[in-house]
Amino acid sequence: MTPPSDTDPDLTRKERREQARTERKAMEAAAAQSAQRKRLIQLGGVIGVVVVIIIVIVVASSGGSSGGGSGLAKGSAVNANVTAVDSVIKGIPQSGNVLGNPNAPVTLQYFGDLECPICREFTLGALPKVIQKYVRTGKVKIEYNSLETATDEQETFRTQQVAAYAAGKQNLAWYFIELFYHEQGQEKTGYVTENYLQGLAQQVPGLNLPNWSAARNDPAYAEQVTHDAQVANAEGFTGTPSFLIGKSGQHMEKLENPNLEEPSSFEAAINKLL
Amino acid sequence: MSDRALRITMIVLTVIGLGVASYLTYVHYSGIPPLCSTTHNTCLKVQTSIYSELAGVPVALIGLIGYVTILASLLVPQREETRFASMALVLVGFGFSAYLTSREAFSLHEYCEWCLSSAAIMTVLACLSVWRFLRGDDAPRAGNPASVAAEPDAGAPLVAGP
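Each chain carries its own residue numbering, running from 1 in the written order of its sequence. To label them, take the chains in the order written and letter them from A, then take the ligands in the order written and number them from 1. Owing to the predicted nature of the model, reporting of local features is limited to residues with pLDDT of at least 70; listing and counting of side-chain atom pairs is limited to 80 or more, with chain, interface and lining totals taken over all residues.

**Q** Which parts of the structure should I look at to understand the overall build of chain A?
**A** Secondary structure assignment for chain A yields 10 helices and 6 strands. Counting other C-beta atoms within 10 Å of its own, a residue is labelled buried from 20 upward, exposed at 12 or fewer, and partly exposed in the gap between, with every C-beta atom placed from the backbone. Across the 274 residues in chain A, those meeting the buried criterion constitute 38%. Here the contact rule is simple: place C-beta atoms from the backbone, and any two residues whose C-beta atoms are within 7 Å are in contact. Sequence separation of at least 24 residues holds for 82% of the intrachain contacts in chain A that already meet a minimum separation of 6. Secondary structure elements are defined from DSSP: runs of H or I of at least 4 residues count as helices, runs of E of at least 2 residues count as strands, and each element is numbered from the N terminus.

**Q** Is there a simple way to explain the environment of Leu127 of chain A in this structure?
**A** Residue and element names in this part refer to chain A. Note that Leu127 resides in helix 4 (residues 126-135). For Leu127, a count of 27 C-beta atoms within 10 Å gives the class buried. For the pair Leu127 and Leu260, spaced 133 residues apart in the sequence, the C-alpha separation amounts to 7.8 Å.

**Q** I'm lost on the confidence of the model for chain B in this one. Help?
**A** Caution applies to low-pLDDT regions: their predicted coordinates should not be interpreted in detail. Residues and elements named next belong to chain B. What pLDDT expresses is the predictor's confidence in each residue, scored from 0 to 100. In the predicted model, chain B carries a mean pLDDT of 82, and the fraction of residues at 70 or more is 83%. Per-element averaging of pLDDT across chain B places helix 6 (residues 145-148) at the bottom with 44 and helix 3 (residues 59-75) at the top with 96. Scored below 50 in pLDDT, residues 139-162 makes 21 contacts in the model with residues more than four places away or belonging to other chains. In the predicted assembly, ipTM is 0.79 and pTM is 0.61.

**Q** Even after reading the chapter, I still don't get the pairing of strand 4 (residues 140-146) of chain A, so can you show me in this structure?
**A** A regular strand places its side chains so that they alternate between the two faces of the sheet. Residue and element names in this part refer to chain A. Counting buried residues in strand 4 gives 6 out of 7 residues, a clear majority hidden from the surface. Looking at chain direction, strand 2 (residues 98-99) and strand 4 are connected through 2 bridges and run antiparallel. By the bridge assignment, Leu99 is partnered in strand 4 with Ile142. Of the pairings in the sheet, the one linking strand 3 (residues 106-112) to strand 4 comprises 7 bridges and is parallel in character. Bridging from a neighbouring strand, Tyr110 pairs with Tyr144 of strand 4. Pairing between strands requires that DSSP locate at least two bridges from one strand to the other.

**Q** Just checking my understanding: could you explain helix 1 (residues 3-30) of chain B for this structure?
**A** In an α-helix, one turn spans 3.6 residues; hence positions three or four apart end up facing the same way. All names here are of chain B. Over its 28 residues, helix 1 runs 40 Å from end to end, which matches the ideal 40 Å to within 8%, given 1.5 Å per residue. As for helix 1, its buried residues are in contact with helix 2 (42-47), strand 2 (57-58), helix 3 and helix 5 (113-135). Gly31 sits one or two residues past helix 1 and shows a positive phi near 80°. One less than the residue count of a helix, multiplied by 1.5 Å, gives the span that helix is expected to have.

**Q** Teacher, can you tell me more about helix 3 of chain B here?
**A** All names here are of chain B. With 17 residues, helix 3 ought to run about 24 Å at 1.5 Å a step, and its terminal C-alpha atoms sit 24 Å apart, in line with that. Val59, Ala60, Gly63, Leu64, Gly66, Tyr67, Ile70, Ser73 and Leu74 are the residues of helix 3 that are buried. In this structure, the buried residues of helix 3 make contact with helix 1, strand 1 (53-54), strand 2, helix 4 (80-108) and helix 5.

**Q** Teacher, can you tell me more about the nonpolar core here?
**A** Nonpolar side chains tend to gather and get buried jointly when the protein is soluble and globular. Counting residues in each nonpolar core, the largest one holds 102 residues, and the members touching the most others are Ala164, Ala167, Ala173, Phe176 and Ile177 of chain A together with Val90 and Leu91 of chain B. The contact partners of Ala173 of chain A, leaving out residues within four places of it in the chain, are Gln94, Gly96, Asn97, Tyr144, Ala164, Tyr165, Ala167 and Gly168 of chain A. Only buried Ala, Val, Leu, Ile, Met, Phe, Trp, Tyr and Cys residues enter a nonpolar core, and they are joined through C-beta atoms within 7 Å.

**Q** Is there a simple way to explain the environment of Ser97 of chain B in this structure?
**A** All names here are of chain B. Tracing the sequence through the fold places Ser97 in helix 4. A count of 24 C-beta atoms within 10 Å places Ser97 in the buried class. Separated by 38 residues in the primary sequence, Ser97 and Val59 have C-alpha atoms spaced 10.0 Å apart.

**Q** Whenever I open this one, the confidence of the model for chain A confuses me. Can you help?
**A** Per-residue confidence for chain A gives a mean pLDDT of 89, with 92% of residues at or over 70. Within the model, the stretch residues 1-7 of chain A combines pLDDT values under 50 with 1 contact to residues more than four positions away or in other chains.

**Q** It is not clear to me how the packing of helix 4 of chain B against helix 5 of chain B should be interpreted in this structure. Could you clarify?
**A** Axis angle and axis distance: for two packed helices, these are the angle between their axes and the distance between the axes, and together they describe the pair. Residues and elements named next belong to chain B. Viewed as axis vectors pointing N to C, helix 4 and helix 5 meet at an angle of 150°, and their least axial separation amounts to 8 Å. Of the two elements, helix 4 crosses helix 5, and the hand of that crossing is left-handed. Here helix 4 contributes Arg83, Phe84, Ser86, Met87, Val90, Leu91, Gly93, Phe94, Ser97, Leu100, Thr101 and Glu104 to the contact with helix 5, which in turn contributes Cys115, Leu116, Ser118, Ala119, Met122, Thr123, Leu125, Ala126, Ser129, Val130, Arg132 and Phe133. Under the grouping applied here, Gly and all other residues not named as nonpolar or charged are polar, the nonpolar ones being Ala, Val, Leu, Ile, Met, Phe, Trp, Tyr, Cys and Pro and the charged ones Asp, Glu, Lys and Arg. Taken together, the residues of the contact of helix 4 with helix 5 sort by class into 14 nonpolar, 7 polar and 3 charged. Only the stretch in contact is used when fitting a helix axis, every axis being a line fitted to C-alpha atoms; angles between N-to-C directions are given from 0 to 180 degrees. The sense of a crossing depends on the near helix, which, turned anticlockwise from the far helix by less than a right angle, makes the crossing left-handed and, turned clockwise, makes it right-handed.

**Q** Would you mind showing me how to read unusual backbone geometry here?
**A** A negative phi angle characterises most non-glycine residues, just as the trans form characterises most peptide bonds. All names here are of chain A. Cis geometry is found at the peptide bond from Thr240 to Pro241, where omega equals 0°. Structurally, Pro241 can be placed in the loop between helix 9 (219-235) and strand 5 (242-247). Positive phi, normally seen in glycine, also occurs at Asn171, with a value near 55°. Within the fold, Asn171 resides in the loop between helix 5 (154-168) and helix 6 (173-182).

Quick look at the structure:
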């Protein structure tokens, strides 16, 4: 057995290596911790910047849309809406508020409020299919009538509906109506201003704006809105959209609770009459 | 998951997002209605709303540019700085997507499937990019700057054993 003093140099070198390894690992851990802390600070900084950017965007877009979230399309978005409306009604004869062959054997009366989102669902849902299958083929004509439900102010309701009927003087009412439904704004925000109506009218292909503006002053259209209300009241309609359907020139029946997204309810009612 | 695998996953997701943004940009400028599975084309409503443009610039185009810059940051030689840049760009994109999605939910009450898919892609990219950035480079090895940053004699070999 060797005395302890003879083995000390070997043990010391081992200890020194172990100590160096421990110190190196400690330094690496500290460096990794420091790097991680730095990354977390950088991440926090980026998140802070992103939050500020979003707040600026929200404030800017809220200020820009003061007076309500107008759905009026701008720029190249207008083309998309007009193209979409064209695909539904282009080439179909119009006369005033009526879409379709004036001698069509079946008439569908559609009572709507231009600001009504449910009416929009129908106009963009089941209606295009009904138009494609029955109106374009001359079997059905659709008559748009007004019924105030969603629009807050009576005066606004009257003004927007008269604007639509005035476009009907140039047989373009349905373009105005369809575009209105495509570009509805946020409900109860008062978005239907004169600027909105003018902007919409400018999108109607072929609409003579001075003639349209003059027609809006024709009392006949205001009287038509009043007459619509009387008919709806007589039928007991309280909501929109509401429908009457029947053979043209004969008694019209209510179409109760139709599916507004798919045309099946309308197809069944129309086929019974054809 | 290695850094390389994370990066490849992020590249794939970014390319998909780029495809979506490209399609929406094309739809915006061509004026055609976007393809949409809903019966009354809620995608069109969203794509033609006032929120479809920011300061006159189509949001789809902003998204396209965003995806292009993210892709560029993933394709250049990777370092701590490029990982940081990827993360920063993705988080900006994520924040913007979140804002647009909230507008769909609370202002328009309509949803665009294309926008939602881009938002989902951005969300996954955000998670991956933050994870990738925080974990730094792969496992420490000799000469790896991340592992020897604090060592004054980086690269110096240890004393050999007996």
